[in-house]
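Topology and contacts: notes
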Amino acid sequence: MLTVVAEICVKPGRRKVVLDAINKLIPTVLEEEGCHQYDALVDHQAQVPWKQNSPDSIFMLEQWESLRHLEQHQQMPHMDAHRSVIKDDVVDVKILVLEPVG
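Residues numbered from 1 in each chain as written. Predicted model: local features only at pLDDT ≥ 70, side-chain atom pairs only at ≥ 80, totals over all residues. Heavy atoms only, no water.

In the nomenclature of an unreviewed UniProt entry, the protein corresponds to Quinol monooxygenase YgiN from the organism Candidatus Pantoea floridensis.

Structural data, given as structure tokens:
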């Protein structure tokens, strides 16, 4: 099982628009073969000195059965359509693909 953490950095003031597009996409992605989790998360606005603040980011927390499933997900037509919808609002995307230790 692979865990994906993706940070979608959006233009200031555009997070809600991109988040709305992601929320529309989530049910479709959850139906994909090999997808066990696909959640959008945003920064919790706590004022503590040890926390990094990311008010213009959306974080995707995903669980995929295998790299093959994740690669298939990236090539799905609904993902191409989604990227087209949000492209003018997204500044950068950072994707981590993680695996359990041991």
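Its volume calculated, the largest pocket comes out at about 360 Å³. Contributing to the lining of the largest pocket are 21 residues, with Gln-74, Met-79, Arg-83, Val-93 and Ile-95 lying nearest its centre. Elements with a contribution of two residues or more to the lining of the largest pocket: strand 1 (2-10), strand 3 (57-64), helix 2 (67-74), helix 3 (77-86) and strand 4 (90-98). With five residues, the top contributor of residues to the lining of the largest pocket is helix 2. (1 Å grid on protein atoms, 1.4 Å probe; cavity = no way out; pocket = protein on both sides within 12 Å on 5 of 7 lines; lining within 4 Å. Points joined across faces, edges and corners; volume = space filled by probe spheres on them. Helix = DSSP H or I, 4+ residues; strand = E, 2+ residues; numbered from the N terminus.)

On the secondary structure map, Ile-86 appears in helix 3. Separated by 67 residues in the primary sequence, Ile-86 and Leu-19 have C-alpha atoms spaced 9.5 Å apart. With near-sequence residues (within four places) excluded, Ile-86 lies in contact with Val-18 and Ala-21. (Contact = heavy atoms within 4.5 Å.)

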